[in-house]
Amino acid sequence: MSFSIDLKNELIRRSDSAVHCRIAELAGIISINGRYPENGILSIRSDNKDFGDKICRLLYNVTDRRYSFDAAYIETKHGYRVIIDNEEILTQLEEKLKLRKNDCYVDVGNLIFQRECCMRAYLRGSFLAGGSLVNPEKAYQLEIACTTSGNAEKLLEILNSLHLGGKSIKRKNRYIIYIKDGDKISDFLGATGGMKSVMEFENIRILKDIRNSINREVNCDTANINKVVNAAARQIDDIKLIEEKRGLDSLPEQLKEVATLRMMYPHLSLAELGEKLTIPIGKSGVSHRLAKINTIAEEIRKL
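None of these values were measured; they are calculated from a predicted model. (Residues numbered from 1 in each chain as written. Predicted model: local features only at pLDDT ≥ 70, side-chain atom pairs only at ≥ 80, totals over all residues. Heavy atoms only, no water.)

Student: Help me out: how do you make sense of the overall build of the protein in this one?
Tutor: Helix and strand content of the protein: 12 helices and 10 strands. Its C-alpha atoms put the protein at 70 × 40 × 35 Å along the principal axes. Buried residues in the protein amount to 48% of all 303 residues. Within the protein, residue pairs in contact and separated by at least 24 positions form 62% of the contacts whose partners lie at least 6 positions apart. Element-wise, carbon and sulfur atoms account for 48% of the exposed surface of the protein, whose accessible area totals about 15,800 Å². Charged side chains in the protein number 47 positive and 42 negative. The centres of these two groups are separated by 2 Å. (Helix = DSSP H or I, 4+ residues; strand = E, 2+ residues; numbered from the N terminus. Buried < 20%, exposed > 50% of the residue type's maximum accessible area, 1.4 Å probe, protein only. Contact = heavy atoms within 4.5 Å. Areas by Shrake-Rupley, 256 points an atom, 1.4 Å probe, with all protein chains shown as cover. Lys, Arg positive; Asp, Glu negative; His and termini not counted. Charge placed at Lys NZ, Arg CZ, Asp CG, Glu CD.)

Student: I'm lost on the nonpolar core in this one. Help?
Tutor: Proteins that are soluble and globular tend to have nonpolar side chains buried together. One finds Leu 42, Phe 188 and Leu 189 to be the most contacted residues of the largest nonpolar core, which totals 61 residues. With residues near it in sequence (within four places) discarded, Leu 42 still touches Ile 30, Arg 35, Tyr 36, Val 82, Ile 83, Ile 84, Leu 90, Leu 93, Leu 99 and Val 106. Among the nonpolar cores identified, the runner-up in size contains 24 residues, and Ile 242, Val 258, Ile 293 and Ala 297 belong to it. (Core = buried A, V, L, I, M, F, W, Y, C linked by side-chain atoms within 4.5 Å.)

Student: Explanation requested: the side chain of Asp 238 in the structure shown.
Tutor: Residue position: Asp 238 is located in helix H9 (residues 222–245). At 2.9 Å, the side chain of Asp 238 and the side chain of Arg 301 are in polar contact. Asp 238 has contacts with Ile 293, Asn 294, Ala 297 and Arg 301, leaving out every residue within four places of it along the chain. (Polar contact = N/O pair within 3.5 Å; in protein donor to acceptor, adjacent residues only side chain to side chain.)

Student: I keep staring at the pairing of strand E10 (residues 174–179) and nothing clicks. Help me out?
Tutor: Moving residue by residue along a regular strand, the side chains alternate between the two faces of the sheet. Pairing geometry for strand E8 (residues 142–146) and E10, over 5 bridges, is antiparallel. Paired with Leu 142 across the bridge in E10 is Ile 179. Note: strand E9 (residues 167–171) against E10, 5 bridges, orientation antiparallel. The partner of Lys 167 across the bridge, within E10, is Tyr 178. If you look at the hairpin formed by E9 and E10, you'll find 2 residues sitting between the two strands, and Lys 172 has a positive phi there, around 60°. (Pairing = 2+ DSSP bridges.)

This is the structure:
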């Protein structure tokens, strides 16, 4: 599977407990994939069954639960559609999600994402409906394709409010919201709830940074470069193993802080790493903590 598909599968499984966040997520989905094909009908497109099931769950949670959305859940040539033709339910949706017709498209009012948690939920819904992420091995680029300029402006407003630095461009008949900064993309993944994807994204960035660091330092002493890179790579391998098997929270706070910084700054020397700690320590102190992390990793490997 692609990185983008893995991310969407993770976000599909994410569920907010607060009803107002579920309303915001559903609004994000409908703003991208909602259509009014004719009067009295709202159609919501889904690329796959898992996403369609999530849409049905959200609809069930934020409206009158006596109505069965599964009964109006149909498979089409290009995926699935949830058709809402119950006038009472449609009225509930339009009132709760602040929906407005824009020709056959759907615009969403501002009131549903006044809270920051709702902004994050709205971003998640929008990305699930119209988002894509280029494989970070190749480039850093996240996009969300919007059908109306109004919804594109709302997305940009939310991204700026959360300091995620989105930009926009019109491509054919779509308004594309995009982020090309690696740090901001990582923040976006975290904001929408894709924590597993954040770690994978950061791991890829670390490896890329190591490669780039090597390329930048080709004129330096090769032996010293290899020594630093190999040591950092071994330390990162130890940290990733502990994270996968036990989680970094299992480490004492001092070791956890060193492990987190090593993952963030694989190219730094031990002395430079020590300077970034909350309470700075010297090279030998950092080396001692990394040695303890290695001991823990070796114990895990023996299991």
